[in-house]
Amino acid sequence: MATTTQSIVTWVVVLGDFGRSPRMQYHAQSLASKPGSVVYVIAYGGSKPILALMNANNVHMALVPEPSAFLRKLPRILALAIKVLQQMFWLAWVMLFRLPKPHSILMQNPPAIPTMALCWLAAWRHAAAWYIDWHNFGYTILALNQGGPRNWLVRMARQYELFWGKRGSKHFCVTKAMQRELADVWGVEATVLYDRPPAQFQRTSVAKAHKLFVRLSSDLNAPGYADFLSDEAQQWTTARTALTSSLQAAAGSTSSYDAVHRPDRPAIVVSSTSWTPDEDFGILLEAALRYEEAVEAEQRQGTPAGIGRLPRLLLLITGRGPQRDMYLQRVRALKLHHVAIRSLWLEPEDYPLLLGAADLGVSLHASSSGLDLPMKVVDMYGSGLPVCALAYSCIHELVADGKTGLLFQDSKQLCEQLQALLQGFPAKPTKLLQDIQQAVLQKESKLRWRDNWDAVAWPMLSRT
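None of the values given here were measured: they were computed from a predicted structure.

Time to look at the overall build of the protein chain. When helices and strands are tallied, the protein chain shows 19 helices and 15 strands. Dimensions along the principal axes, computed over C-alpha positions, put the protein chain at roughly 75 × 50 × 45 Å. Within the protein chain, buried positions represent 55% of all 464 residues. Pairs at least 24 residues apart make up 73% of the contacts formed inside the protein chain by residues separated by at least 6 positions. For the protein chain, the exposed area adds up to about 20,600 Å²; of that, 55% sits on carbon and sulfur atoms. Across the protein chain, the 47 positively charged side chains and the 37 negatively charged ones have centroids separated by 5 Å.

Let's shift gears to unusual backbone geometry. A cis amide bond, omega -5 degrees, links Asn-109 with the succeeding residue Pro-110. In this model, Ala-127 sits at a positive phi of 55 degrees, which is unusual for a non-glycine residue. By the secondary structure assignment, Ala-127 is in the loop between helix H4 (115-126) and strand S5 (129-134). The residue Ser-367 is not glycine, and still its phi comes out positive at about 75 degrees. Note that Ser-367 resides in the loop between strand S13 (360-363) and helix H15 (375-382). Looking at Ser-367, the relative accessible area reads 9%, which means it is buried.

This part is about empty space enclosed by the protein. Across all of its chains, the model carries 2 cavities of 30 Å³ or more by this definition. Lining the largest cavity are Gly-224, Tyr-225, Ala-226, Asp-227, Val-331, Arg-332, Lys-335, Leu-336, Val-339 and Ile-341. Among the elements of the structure, helix H13 (324-334) and strand S12 (339-344) are those that each provide at least two residues to the lining of the largest cavity. Estimates place the volume of the second largest cavity at around 30 Å³. Forming the walls of the second largest cavity are Asp-195, Arg-196, Pro-197, Val-378, Tyr-381, Leu-398, Glu-444 and Leu-447. For the lining of the second largest cavity, the class distribution of residues is 5 nonpolar, no polar and 3 charged.

On to the sheet that holds strand S4 (residues 104-109), then. Judged by pairing direction, the sheet is parallel, and its 7 strands sit side by side in the order S3-S2-S1-S4-S5-S6-S7 without closing on themselves. The open sheet is flanked by strand S3 (59-64) and strand S7 (191-192), the only strands paired with a single partner. With 6 bridges connecting them, strand S2 (residues 37-44) and S3 associate as parallel partners. By the bridge assignment for S3, Ala-43 is matched with Leu-63.

Right, let's talk about the sheet that holds S12 for a bit. Across the sheet, 6 strands lie side by side as S12-S11-S10-S13-S14-S15; this open sheet has parallel pairing. Edge positions in the sheet fall to S12 and strand S15 (405-408), since each has one partner strand and no second. Within the sheet, the average angular offset between the axes of one strand and its neighbour, ignoring direction, is 20 degrees. Judged from the 4 bridges that link them, strand S14 (residues 387-390) and S15 form a sheet pairing that is parallel. For Leu-390, the partnering residue across the bridge sits in S15 and is Phe-408.

Looking now at helix H5 (residues 138-145). Within H5, the full set of buried residues consists of Gly-138, Tyr-139, Thr-140 and Ala-143. Where H5 is buried, its residues touch S4, helix H6 (152-165) and helix H7 (176-186).

Thresholds applied
Residues numbered from 1 in each chain as written. Predicted model: local features only at pLDDT ≥ 70, side-chain atom pairs only at ≥ 80, totals over all residues. Heavy atoms only, no water. Helix = DSSP H or I, 4+ residues; strand = E, 2+ residues; numbered from the N terminus. Buried < 20%, exposed > 50% of the residue type's maximum accessible area, 1.4 Å probe, protein only. Contact = heavy atoms within 4.5 Å. Areas by Shrake-Rupley, 256 points an atom, 1.4 Å probe, with all protein chains shown as cover. Lys, Arg positive; Asp, Glu negative; His and termini not counted. Charge placed at Lys NZ, Arg CZ, Asp CG, Glu CD. 1 Å grid on protein atoms, 1.4 Å probe; cavity = no way out; pocket = protein on both sides within 12 Å on 5 of 7 lines; lining within 4 Å. Points joined across faces, edges and corners; volume = space filled by probe spheres on them. Nonpolar A, V, L, I, M, F, W, Y, C, P; charged D, E, K, R; others polar. Pairing = 2+ DSSP bridges. Axes fitted to C-alpha atoms, helices over the stretch in contact; angles between N-to-C directions.

Written out as structure tokens, the structure reads:
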């Protein structure tokens, strides 16, 4: 296809579920907002992308076919090889012959195989600039499932990534630690483009939170649990949710603008996970069990109800992934009562509303390379949430321990932090919780994707 002389064509390449790649969605949205810009997204389908992209006339999707079903019956290595070959032939056809000639190609890494080689070939054929956005290293993720970095397949993947990665025209990365690694080991000069939340992440009004929890009531009342949430689910109506109540809705009105927080509401703690080995969800389960025991101990000691007691916890876990069902079976087996854990898959428009309605965020991200940062924390900060985050080598680039969040090493420390933050909630929040909330609202929630992208990324991309 030919392009018009007025169009500036950019390909955004994500060899994964585009709807679950928020950073690349924000790249595409920012590019599409520029005058004369046309964006072609080359990615897998699956989850719905944000509405701004679905409604944009100048954003077009070229969806990679899903892997053949018969591959599941083959040995893992053979299936992986065939999958890569299928991807390679389809990408070659689309990128070399089918799509309009691009001025620039912006590729997410990982995955690197076979995307890097095909992007280099397409950039050469079309005389286009090739930008690599380094989110992590692909070979380190592969190592999680292949027995570690000494596995022959992992070593080959590293050499492939090293060879082709050097050939990008320009590079972005997500941390200063990764920037140093790319420069010192890979010989690549990258510009740090920190993740920042877009404008839709903010505190959620009580009225919107009420409507959200009315919509979520069937998901929260899931079978197989014996906790406080299941006990009270029969009381939920359009006038009463797990979090809020509304007098107008109780009187038969469709309006819920008078909604208020229930004085006996639980503390809402949210965590987003891909349910993969680089996020040990067992830490949160063990912390929940310890918290349950702490509440039971309070009751045995006769601590008066109300101010000073630990609140009930509603842990809401968003995301999909391979280990989800295994962990949910473990949750049901714990027989918790004062802590309720539910797994949700939300529409893109509801996820910011949930974060903005919550009281605390938890990140279990450990990073396969130790060089990337959890974007979920960025979203939580945009929504004004204090965060408890698992400590690892570069997390300090995002979370200021004791100021905008707390860092933990294990389940015991996480449980202690939950108690220190939430004691007396909601009647009398702790000073620690209030201080961190204020710091997040003053410092982190004002740093937005669009402003940062315009200042850092656009000057590089616009030189194409």
